[in-house]
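Listed here are the chains, written in short residue letters.
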Amino acid sequence: MLEIPEAFVVAAQVKGVLQGKQVQKVIAAHTPHGFAWYYGDPARYPAMLEGKTLQDSLSRAGMVELRFEDVMLVFTDGINLRYHRHGEKRPEKHQLLLGFADGCALSAAASMYGGLYCTMFEDNENPYYQIALQKPSPLTAAFTREYFVGLFLPELTKLPLKAFLATDQRIPGLGNGALQDILYNAGLHPRAKVATLSNADKETLFVSIKDTLQQMTQQGGRDTERDLFGAPGGYKTRLSKNTVGKPCPQCGQEIRKEAFLGGSIYFCPGCQPGD
């Protein structure tokens, strides 16, 4: 799933290989998918995109935005983007395929779910996109200690840290995947309640959010995800499906996995005691 690090990496890769290239052919909604959401009628996408030149590619929290002359394409966290060279076989299943004039292509496919939004610049009313524009990314200097501390509202004290950090767009683009290493590096359990955090804990968590996401981004995304070219990210996750059942590199205790809040959490009982 695209989260802050992967969106940043994929957006930069798209820009590197496709900026300045003209869209020649568009195939939209090729493969039926019950949880692929389109903005407007995908049958209109060819008319909106064919003949347009890619001007820029940006990350917006956990989304990738492609900007053409007067149209934008936004892909949400559940969409896998892949680049296909001239002459390379295209995937059989996809929700959107852009063929460029030089023979290369970009495919977009939903995994469990995902959104694809093709709109005029002024028409994008997707609330997740708008929130991502309004709130600072942890990758930027605008995400300050003061801003982070301001997220701890009195009515949120009963929330577990997983819910506090990864729901309701408090930090857009921060999801359950990156969350695991952030809490591990901070020595905090995902079930721990917000009310139990001391000021020192909040400072440690702030630093962990900034540092962990920077590391994930600089190393090409997490090793549980794949980039535009289908390669896994270079950041080796501490807590993930790749490490569950293995010894913690810090204390040696076995890394555990549990179901919690509609998903999975990973933790080290030695480094992240209690909940």
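Relevant structure appears above.
Residues numbered from 1 in each chain as written. Predicted model: local features only at pLDDT ≥ 70, side-chain atom pairs only at ≥ 80, totals over all residues. Heavy atoms only, no water.

**Brief notes about the environment of leucine 179**
(1) Moving on: For leucine 179, the location among the structural elements is in helix H6 (residues 176–186).
(2) Moving on: Residue class for leucine 179 comes out buried when judged on its relative accessible area of 0%.
(3) Moving on: The sequence separation of leucine 179 and glutamine 134 amounts to 45 residues, and the corresponding C-alpha distance is 21 Å.
(4) Moving on: The residues touching leucine 179, leaving out its near neighbours within four places in the chain, are Lys162, Leu165, Ala166 and Leu174. (Helix = DSSP H or I, 4+ residues; strand = E, 2+ residues; numbered from the N terminus. Buried < 20%, exposed > 50% of the residue type's maximum accessible area, 1.4 Å probe, protein only. Contact = heavy atoms within 4.5 Å.)

**Let's talk about empty space enclosed by the protein**
(1) Moving on: Applying the stated criterion across every chain, the model contains 2 cavities of 30 Å³ or more.
(2) Moving on: Met1, Leu2, Glu6, Val10, Asp77, Ile79, Asn80, Leu81, Arg82, Glu225, Arg226 and Asp227 together form the lining of the largest cavity.
(3) Moving on: Taken together, the elements giving at least two residues each to the lining of the largest cavity come down to helix H1 (4–18) and strand S6 (79–84).
(4) Moving on: Space inside the second largest cavity adds up to approximately 40 Å³.
(5) Moving on: Around the second largest cavity sit Glu6, Val9, Val10, Gly220, Gly221, Arg222, Glu225, Arg226, Asp227 and Gly233, which together line it.
(6) Moving on: In terms of residue class, the lining of the second largest cavity is built from 2 nonpolar, 3 polar and 5 charged. (1 Å grid on protein atoms, 1.4 Å probe; cavity = no way out; pocket = protein on both sides within 12 Å on 5 of 7 lines; lining within 4 Å. Points joined across faces, edges and corners; volume = space filled by probe spheres on them. Nonpolar A, V, L, I, M, F, W, Y, C, P; charged D, E, K, R; others polar.)

**Details of the sheet that holds strand S8 (residues 105–110)**
(1) Moving on: Taken in spatial order, the 4 strands of this open sheet run S1-S7-S8-S6, and their pairing is antiparallel. If you trace the sheet from one side to the other, it starts and ends with strand S1 (23–28) and S6, each paired once. Averaged over all neighbouring strand pairs, the angle between strand axes comes to 15 degrees, with direction disregarded.
(2) Moving on: Direction of pairing for strand S7 (residues 96–100) relative to S8: antiparallel, over a ladder of 4 bridges. Looking at the pairing, leucine 96 lines up with alanine 108 of S8. (Pairing = 2+ DSSP bridges. Axes fitted to C-alpha atoms, helices over the stretch in contact; angles between N-to-C directions.)

**Things to note about the side chain of lysine 162**
(1) Moving on: Looking at where lysine 162 falls in the secondary structure, it is placed in helix H5 (residues 161–166).
(2) Moving on: For the buried lysine 162, which has no salt bridge, the nearest side chain bearing the opposite charge is glutamate 3, at an N-O separation of 10 Å.
(3) Moving on: Discounting residues that sit within four places of it in the chain, lysine 162 has contacts with Thr167, Asn176, Leu179, Pro190, Phe260, Leu261, Gly263, Ser264 and Ile265. (Lys, Arg positive; Asp, Glu negative; His and termini not counted. Salt bridge = Lys/Arg side-chain N within 4 Å of Asp/Glu carboxyl O.)

**Looking at the packing of aromatic side chains**
(1) Moving on: Applying the stated criterion across every chain, the model contains 11 aromatic pairs.
(2) Moving on: Between phenylalanine 148 and phenylalanine 152 the ring centres are 5.2 Å apart and the planes differ by 90 degrees, which places this aromatic pair in the edge-to-face class. With respect to class, phenylalanine 148 is no different from phenylalanine 152; both count as buried.
(3) Moving on: An aromatic cluster is present here, built from Phe143, Tyr147, Phe148, Phe152, Phe164 and Phe206 joined pairwise through their rings.
(4) Moving on: The ring of phenylalanine 152 carries lysine 202 above its face, with NZ or CZ at 4.6 Å from the centroid. (Phe/Tyr/Trp six-rings, centres within 6.5 Å; stacked < 30°, edge-to-face > 60°. Lys NZ or Arg CZ within 6 Å of the ring centre and 35° of its normal.)

**Brief notes about unusual backbone geometry**
(1) Moving on: Phi at alanine 29 takes a positive value of approximately 60 degrees, unusual for a residue other than glycine.
(2) Moving on: Tracing the chain through its elements places alanine 29 in the loop between S1 and strand S2 (36–39).
(3) Moving on: Non-glycine residue aspartate 168 carries a positive phi angle of around 60 degrees.

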